[in-house]
Amino acid sequence: MSTAESTTSPNPGLRDRVGTVFTVRPLTVGLALFWVWVLARWTTDFVLAGVFGLDRGTPFVPAAPFLTTADSVASFAAPFGAAGAPLLWLADTLQFAADATAYLPALAHGVWTTVLLTVFSVCLGFMLALPLSVVRVYGGRWARWLALSYTELIRGTPLLAQLFVLYFATSLTQVLRGVPGVGVGFVPAQAFWVAVISFTLNSAAYQSEYLRASLESVDGGQLTAARAIGLSKLEGIRYVVVPQGLRLALPSWTNELVYLIKYSSLASFITVQELYGRTSTIANETYQYTELFVLVAILYLALVVSASALMDRVESHTATAGVGHTRQ
Amino acid sequence: MTQPLLSIDDLHKSYGSEEVLEGVGLEMDKGDVTVLIGPSGSGKSTLLRCVNRLTEINSGRIALDGQDVTGADTDVNELRKQVGMVFQDFNLFAHLTALENVTLGPKKVLGMDGADAEEAGRTHLEQVGLLEQADSYPAELSGGQKQRVGIARALAMDPELLLFDEPTSALDPELVGEVVEVMRDLAAEGITMLVVSHEMDFARSAASDIVFLDDGEIVEHGPPEQLFQNPTADRTEQFLSRLHAHEETA
């Protein structure tokens, strides 16, 4: 409460100093609450629970008050018949909130796994995609052909099939199970890492296409000028072409990030309990499909909007006059 | 007789079946300012780009300070440290500020440390009158300012020879003067310059030599007053009169 008050209070000194950073917008507040909740859950369940021997997954908010309120609202509305409908909707909402408090701790773990899955895959994918795209644009004939084949193979086959091939048809799972630390404490088990590898390989292909298009749109004179001051071709690409290409690629790269957040739900098919996997497991046990999938939709939306907001920040932070589109 | 700084001998270059340079020979001493003129397509820019090997030659010999430039075992990056180039379209690094444009080469190619490179970079920007624009990005500069940054970037490598590829052709007429003025200052400081330009003002006042290139060969070569006043070849005379006619209408 106190932070919300201090940001809304008309304190000109503070406003001057922090500028637009702390202008309160409902979206920002919503996202902030979401991430505070995710981090608080993680801290209690993985750190505090271990230290103090508490039960993992104890809800932060008890369900009982919601249930009793829902009951009394419903019984109050009963005599009014059809006229009491708005009150019944309120009762339903309170019932939904009561259910949500029970499910949210488990879903928070799902959020955490989805975030890890996406961040690992998109970052590792980027590390592969950058050299791939440079090879596509500047490589020799054979190297270009090899990079193109990889990209087409990955983009031309379903992600789910790639996931299954890695999980069931190779010994990757066995190998990963043998790696010390895998599945211990808060380090996820082998299926998670198979999913990371699969998404990395997939995302690398897509990202390399975005990057290739951006590298190609950097004016050829840039590399010529870099060569003319004595930089090698590789140095010219690294110091001159790639920095410009990355800036041009940001919008489409954000797109890939947003896709991957949602595509990562496919990992549930190989037993990874990420957000979607957890939701459908609980739904299969409780039959509360509607409630759970409304909840999970809200959580995915929060993740996607957070990613877009973050990349928006990155875009305006790296905006350079004359490189790509600059918003005023 | 001392060894010339740049010597080009029997240079041939063709693109496919089209021969662009047909046996060009040229010598420059330290401090010379040679201006290449000629109709478009005569091979001026190609000749320039052969000198720093942005273009590979077919046959002939180019030597800088007695060192073979065109040999297979010549380190092109080493060569380009000694030969600066200024482009028609500026080609400033779009993602870097004016100062960063100037310091990239010294930092990454010459291995200077950041502070030294920046100090030297500021000196070079000052030399072209753009110290105040040090932190501006190319898109925020006028064409004339861009080209002056381009010159500062080339100067920052402390080259033995500066190549100018039509440095004022992409500029609005009112911006040409500031670039020509900088070039004239450099010429007066004794910097060796090989310039492709039709800026007659510069050619008359700063050039030590004018070379008229047509159809891939050097038609005439001489000091400006001689070449402009009493050209010996008909082709030179025709070209110059066309150029004058253009200047008067412009």
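Reading the values: the criteria
Residues numbered from 1 in each chain as written. Chains lettered and ligands numbered in written order. Predicted model: local features only at pLDDT ≥ 70, side-chain atom pairs only at ≥ 80, totals over all residues. Heavy atoms only, no water. Helix = DSSP H or I, 4+ residues; strand = E, 2+ residues; numbered from the N terminus. Rg over C-alpha atoms; globule rule 2.2 N^0.38 Å. Buried < 20%, exposed > 50% of the residue type's maximum accessible area, 1.4 Å probe, protein only. Lys, Arg positive; Asp, Glu negative; His and termini not counted. Charge placed at Lys NZ, Arg CZ, Asp CG, Glu CD. Pairing = 2+ DSSP bridges. Axes fitted to C-alpha atoms, helices over the stretch in contact; angles between N-to-C directions. Contact = heavy atoms within 4.5 Å. pLDDT = per-residue confidence, 0-100. Expected span 1.5 Å × (residues − 1). Core = buried A, V, L, I, M, F, W, Y, C linked by side-chain atoms within 4.5 Å. Buried area = accessible area lost by both parts, 1.4 Å probe. Polar contact = N/O pair within 3.5 Å; in protein donor to acceptor, adjacent residues only side chain to side chain. Nonpolar A, V, L, I, M, F, W, Y, C, P; charged D, E, K, R; others polar. Salt bridge = Lys/Arg side-chain N within 4 Å of Asp/Glu carboxyl O.

Caption draft 1: The overall build of chain B, seen in detail. The helix and strand inventory of chain B stands at 9 helices and 10 strands. Taking 250 residues into account, the globule formula puts the C-alpha radius of gyration at 18 Å, and chain B, at 18 Å, falls close to it. Seen through its C-alpha atoms, chain B measures out along the principal axes to roughly 55 × 50 × 40 Å. When each of the 250 residues of chain B is scored for burial, the buried share is 54%. Mean positive and mean negative side-chain charge positions of chain B (18 and 46 charges, respectively) differ by 5 Å.

Caption draft 2: Seen up close, the sheet that holds strand β8 (residues 193–196) of chain B. Residues and elements named next belong to chain B. Reading across from one edge, β6-β7-β8-β3-β9-β10 is the order of the 6 strands in this open sheet, with mixed pairing throughout. What marks the edges here is a single partner per strand, and that holds for β6 (83–86) and β10 (217–222). The mean inter-strand angle of the sheet, taken between neighbouring strand axes irrespective of direction, is 20°. Where strand β3 (residues 33–37) lies against strand β9 (residues 209–214), 4 bridges are found, and the strand directions are parallel. Paired with Leu36 across the strands is Val211, a residue of β9. In this fold helix α5 (residues 143–155) packs onto β6 and β7 (161–165), with an angle of close to 175° to the strand it touches most, β6. This element, helix α6 (residues 173–188), spans β3, β7 and β8 of the sheet and lies at about 150° to β8.

Caption draft 3: View of the sheet that holds strand β4 (residues 59–64) of chain B. Residues and elements named next belong to chain B. Strand order across the open sheet formed by 4 strands is β2-β1-β4-β5, with antiparallel pairing between neighbours. Edge positions in the open sheet fall to β2 (18–28) and β5 (67–68), since each of these has one partner strand only. Relative to β5, β4 is paired through 2 bridges, and the arrangement is antiparallel. Residue Leu64 lies in a different strand from β5, and its bridge partner there is Gln67. The strands touched by helix α1 (residues 44–51) are β1 (6–15), β2 and β4; relative to β1, the strand with the most contacts, the crossing angle is about 120°.

Caption draft 4: Representation of the side chain of Thr103(B). Looking at the secondary structure, you find Thr103(B) in helix α3 (residues 98–108). Every residue in contact with Thr103(B), bar those within four places of it in the chain, is listed here: Ala117(B), Glu118(B) and Gly121(B).

Caption draft 5: Layout of the confidence of the model for chain B. Summary statistics for chain B give a mean pLDDT of 93 and a share of 98% for residues scoring 70 or more. Both confidence scores are given for the complex: pTM 0.87, ipTM 0.93.

Caption draft 6: Inspection of helix α13 (residues 289–318) of chain A at higher detail. Residues and elements named next belong to chain A. In a regular helix each residue adds 1.5 Å, so 30 residues correspond to 44 Å; α13 covers 43 Å between its end C-alpha atoms and thus fits that length. Turning to α13, its buried residues number three or more, namely Leu292, Leu295, Val296, Leu299, Tyr300, Ala302, Leu303, Val304, Ser306, Ala307 and Met311. Tucked inside the fold, the buried residues of α13 contact α3 (26–52), α5 (85–138), α11 (233–263) and α12 (275–286).

Caption draft 7: Fine view of unusual backbone geometry. The residue Tyr287(A) is not glycine, and still its phi comes out positive at about 60°. On the secondary structure map, Tyr287(A) appears in the loop between α12 and α13. Judged by relative accessible area, which is 63%, Tyr287(A) ranks as exposed. Notably, Asp215(B) is not glycine yet its phi reads approximately 55°, a positive angle. For Asp215(B), the location among the structural elements is in the loop between β9 and β10. For Asp215(B), a relative accessible area of 53% corresponds to the exposed category.

Caption draft 8: Region of the structure containing the nonpolar core. Counting residues in each nonpolar core, the largest one holds 46 residues, and the members touching the most others are Ile37(B), Leu125(B), Ile151(B), Phe164(B), Met193(B) and Phe202(B). For this core, the element with the highest residue contribution is α6(B), accounting for 8 residues. For Phe164(B), the residues in contact, after removing those within four places along its chain, are Leu48(B), Val86(B), Ile151(B), Met183(B), Leu186(B), Met193(B), Leu194(B), Val195(B) and Val196(B). Counting residues in hydrophobic clusters, the runner-up holds 45 residues, among them Leu257(A), Leu299(A), Ala302(A) and Met311(A).

Caption draft 9: Looking closely at the environment of Leu266(A). Structurally, Leu266(A) can be placed in the loop between α11 and α12. Sequence separation between Leu266(A) and Leu160(A) is 106 residues, and the spatial gap between their C-alpha atoms is 6.6 Å.

Caption draft 10: Region of interest: the side chain of Ser198(A). Residue and element names in this part refer to chain A. Following the sequence through the fold, Ser198 ends up in helix α9 (residues 190–217). For Ser198, a relative accessible area of 2% corresponds to the buried category. Beyond its immediate stretch of four places on either side in the chain, Ser198 contacts Leu159, Gln162, Leu163 and Leu166.

Caption draft 11: Layout of the interface of chain A and chain B. If you look at the interface, chain A gives 22 residues, while chain B gives 23 residues. For chain A, the biggest contributors to the area lost against chain B are Ala228(A), Ile229(A) and Tyr239(A); these three give 30% of the whole. Summed over the shared surface of chain A and chain B, the result is 5 residue pairs in polar contact (both at pLDDT 80 or more). Per element, the largest residue contribution to the side of chain A that touches chain B is 7 residues, and it comes from helix α10 (residues 220–228) of chain A. Looking at side-chain class alone, the side of chain A that touches chain B contains 10 nonpolar, 8 polar and 4 charged residues.

Caption draft 12: Molecular detail of the pattern of salt bridges. The final tally for this structure, using the stated rule, is 12 salt bridges over all chains. The closest approach of N and O atoms between Arg212(A) and Glu209(A), which form a salt bridge, is 3.1 Å. Separated by 3 residues within a single helix, Arg212(A) and Glu209(A) lie in helix α9, roughly one turn from each other. Note on accessibility: Arg212(A) and Glu209(A) belong to one class, buried. Close ionic contact of Glu178(B) with Arg148(B) constitutes a salt bridge, the shortest N to O distance being 2.4 Å. Taken together, the positions of Glu178(B) in helix α6 and Arg148(B) in helix α5 put the pair 30 residues apart, joining distant regions of the chain.

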